[in-house]
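Single-letter residue listing:
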Amino acid sequence: MGADGIRSSIRQLEYGDLDVEFRGQVGWRFIVRRPPDLEGWTVFLGTQSAFLMLPIGNELAYCYADKASARPIHDPAQRSIERLRENFAAFASPIPEVLARLEPADPIHFSAIEEVADPCYGQGRVVLIGDAAHAMSPNMACGAAMAFEDALVLAEIVSRASAASEVVPEFVRRRSARVGWVQQQTDRRDHLRSLPPTIRDVFVRLLSGRLYRANYRPLLALP
């Protein structure tokens, strides 16, 4: 079984090609003290950038920020608080205040946003789960959830299978449609974000609630 991330050595051994594609964005992830008025999933959209905040308990909030980039940047210097503040200085409150409270010792994860171009769940006696099988843009914020589901579904199939040869075909059948839905919605949301702001903002204001429910409703069913 391969559960070793987007650059999976198991996938490379089995398929011979990592097939990782850059999504045209770089992103930052970090934890901050929750702003007083932050009560739920909140996102700020710039022309070619975004800043998302989500309360996670204990008066903390998870932050994800990204911006468009012509190439995949892996420079550790981009992880600095100064570079992060510089990139999002023009955003509305409470973004500048949130970034101002960051301390030098606070961990910030920076990376290029990449995906597995052609999801591969396994073949023969090899199974891939999580990012090794289907890494995608974090736009739907479902990457970890899909990995957990992979593990649970695989455990269920293994516990019921009468032969090893039954496991991989059943796993592919159970997972490909559901993960494919998440990838499809991710692509659509990324496309919406890339529209000119005057069009995008009107569209989001009018239809955001309906789009949100439509994106996630199929995932309420058990995998």
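## Considering helix H5 (residues 143-160)
Phase 1: Under the 1.5 Å per step criterion, the end-to-end length of H5 is 26 Å for 18 residues, consistent within 8% with the ideal 26 Å.
Phase 2: Listed in full, the buried residues belonging to H5 are Met 146, Glu 149, Asp 150, Val 153, Leu 154 and Ile 157. Taken down its axis, H5 places every buried residue within 135° of arc, on the same side. Facing away from the buried surface of H5 by more than 90 degrees, the exposed residues are Phe 148, Leu 152 and Ser 159.
Phase 3: Along its buried surface, H5 packs onto strand S7 (126-127), helix H4 (131-134) and helix H6 (167-193).

## Quick notes on a nonpolar patch on the surface
Phase 1: Taken together, the side chains of Ile 31, Trp 41, Val 43, Leu 45, Leu 54, Ile 56 and Tyr 212 define a hydrophobic patch exposed on the protein surface, amounting to about 570 Å² of accessible area.
Phase 2: Going through the elements one at a time, strand S2 (42-45) and strand S3 (49-57) are the ones with two or more residues in the nonpolar patch.
Phase 3: Following the sequence through the fold, Ile 31 ends up in strand S1 (residues 20-33).

## Some thoughts on helix H7 (residues 197-216)
Phase 1: Counted at 1.5 Å a residue, the expected span for H7 with its 20 residues is 28 Å, but the 24 Å between its end C-alpha atoms falls short.
Phase 2: Along H7, the sharpest change in direction is near 70° and occurs at Leu 207.
Phase 3: Looking at the buried residues of H7, the elements they touch are S2 and H6.

About the cut-offs
Residues numbered from 1 in each chain as written. Predicted model: local features only at pLDDT ≥ 70, side-chain atom pairs only at ≥ 80, totals over all residues. Heavy atoms only, no water. Helix = DSSP H or I, 4+ residues; strand = E, 2+ residues; numbered from the N terminus. Expected span 1.5 Å × (residues − 1). Buried < 20%, exposed > 50% of the residue type's maximum accessible area, 1.4 Å probe, protein only. Arc of directions from axis to C-beta. Contact = heavy atoms within 4.5 Å. Patch = residues over 30% accessible without salt bridge, like charges linked within 9 Å, V, L, I, M, F, W, Y side chains within 5 Å. Areas by Shrake-Rupley, 256 points an atom, 1.4 Å probe, with all protein chains shown as cover. Salt bridge = Lys/Arg side-chain N within 4 Å of Asp/Glu carboxyl O. Bend = angle between axes of the 7 residues up to and from the residue.

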